[in-house]
Amino acid sequence: MNLIVAADKNWAIGRNQELLVRIPADMKNFAQMTTGHVIVMGRKTLESFPNGLPLPKRTNIVLTHQADYDGHGAIVVHDEEEMKKVLAQYDDDEIFIVGGQSIYTMFLPYCKNAYVTKLDYAYEADTWMPDLDQDENWKLVEKSEEQTCFDLIYHFTRYENTNVKSFL
């Protein structure tokens, strides 16, 4: 399993159910990495997508406690056991965890790679993911050259989990 996220200096990932910032190169990177693969998210993340619809050319899986939730074509699961049954159908390397906060926290131990667009700025936020720099199981293994979008500096990074647990 993989995780993909854009996070600021404090590992903030969102505010008011929106991304902190929209960087065209980051959006392109996200699309390139996840197209043709499985993306796993919570209900609020799905609802934050354009028109609240699943992303095209991907298998969208949504975890929600709402029993009658309409995923508009996404596969809807309601608990961890149901998620295990659904994810067992896919190759582990094909799965990308895409948010939000509780989904990142739940799946972090099972992810081998975390692709993090690290933003060199601290935003006002209400949603975070765990700080991989402070987690002894995660190691920064790749960092791109400095990127800029207007005056925002960021890097594409990859962290590797040295103690991956099996989800299935």
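Just so it is clear, the model here is predicted, and its values are computed rather than measured.

A. Up close: the overall build of the protein. In terms of helices and strands, the protein carries 4 helices and 12 strands. The globule rule puts the C-alpha radius of gyration for 168 residues at 15 Å, and the 15 Å found for the protein is close to it. Based on the C-alpha atoms only, the size of the protein along its principal axes is roughly 45 × 35 × 30 Å. Here the protein holds 168 residues, and the buried ones make up 44% of them. Considering only residue pairs separated by 6 or more positions, the protein has 63% of its internal contacts joining residues 24 or more positions apart. Surface exposure of the protein reaches about 9100 Å², of which carbon and sulfur atoms provide 47%. Distance from the positive charge centre (16 side chains) to the negative charge centre (26 side chains) of the protein: 1 Å.

B. Structural view of unusual backbone geometry. Of note, the bond from G99 into G100 is cis; its omega dihedral lies within 30 degrees of zero at 0°. Mapped onto the fold, G100 is located in the loop between β7 (95–99) and α4 (101–107). The phi torsion at Q17 lies on the positive side, around 60°, for a residue other than glycine. Tracing the backbone through its elements, the reader meets Q17 in the loop between β2 (12–15) and β3 (18–19). On the basis of relative accessible area, Q17 is assigned to the partly exposed category, the value being 44%.

C. Representation of the pattern of salt bridges in the model. For the structure shown, the criterion picks out 7 salt bridges. The salt bridge partner of E142 is R158, with a shortest N-O separation of 3.0 Å. Of this pair, E142 sits in strand β10 (residues 138–143) while R158 sits in strand β12 (residues 152–161), and the two are 16 residues apart along the sequence. Since its relative accessible area comes to 43%, E142 is described here as partly exposed. The buried category is assigned to R158, whose relative accessible area is 15%. The residue E160 makes a salt bridge to R158 at a minimum N-O spacing of 3.0 Å. The exposure class of E160 is partly exposed, given its relative accessible area of 29%. Bridged by salt links that share partners, the residues E142, R158 and E160 form one connected network.

Cut-offs used in this document
- Along each chain, the written sequence defines residue order, and numbers are assigned to residues from 1.
- Only residues with pLDDT of at least 70 get local features here, since the model is predicted, and only at 80 or more are side-chain atom pairs given and counted; chain-wide, interface and lining totals rely on the full set of residues.
- Where side-chain values are given, they derive from all heavy atoms of the structure, hydrogens and water being excluded.
- Here a strand is any run of E in DSSP of at least two residues, a helix any run of H or I of at least four, and the numbering for each starts at the N terminus.
- What the globule rule says is 2.2 Å times the number of residues to the power 0.38, and the radius of gyration is computed from C-alpha atoms.
- Buried, partly exposed and exposed residues are distinguished by accessible area as a fraction of the type maximum, computed with a 1.4 Å probe on protein chains only: under 20%, between the cut-offs, and over 50%, respectively.
- Here, two residues are considered to be in contact whenever any of their heavy atoms come within 4.5 Å of each other.
- With residues, only the protein chains shown are counted as cover, and all accessible areas are computed by Shrake-Rupley using a 1.4 Å probe.
- A residue counts as positive if it is Lys or Arg and as negative if it is Asp or Glu; His and the chain ends are not included.
- Here the site of a charge means atom NZ of a Lys, CZ of an Arg, CG of an Asp or CD of a Glu.
- We count a salt bridge whenever a side-chain nitrogen from Lys or Arg sits within 4 Å of a carboxyl oxygen from Asp or Glu.

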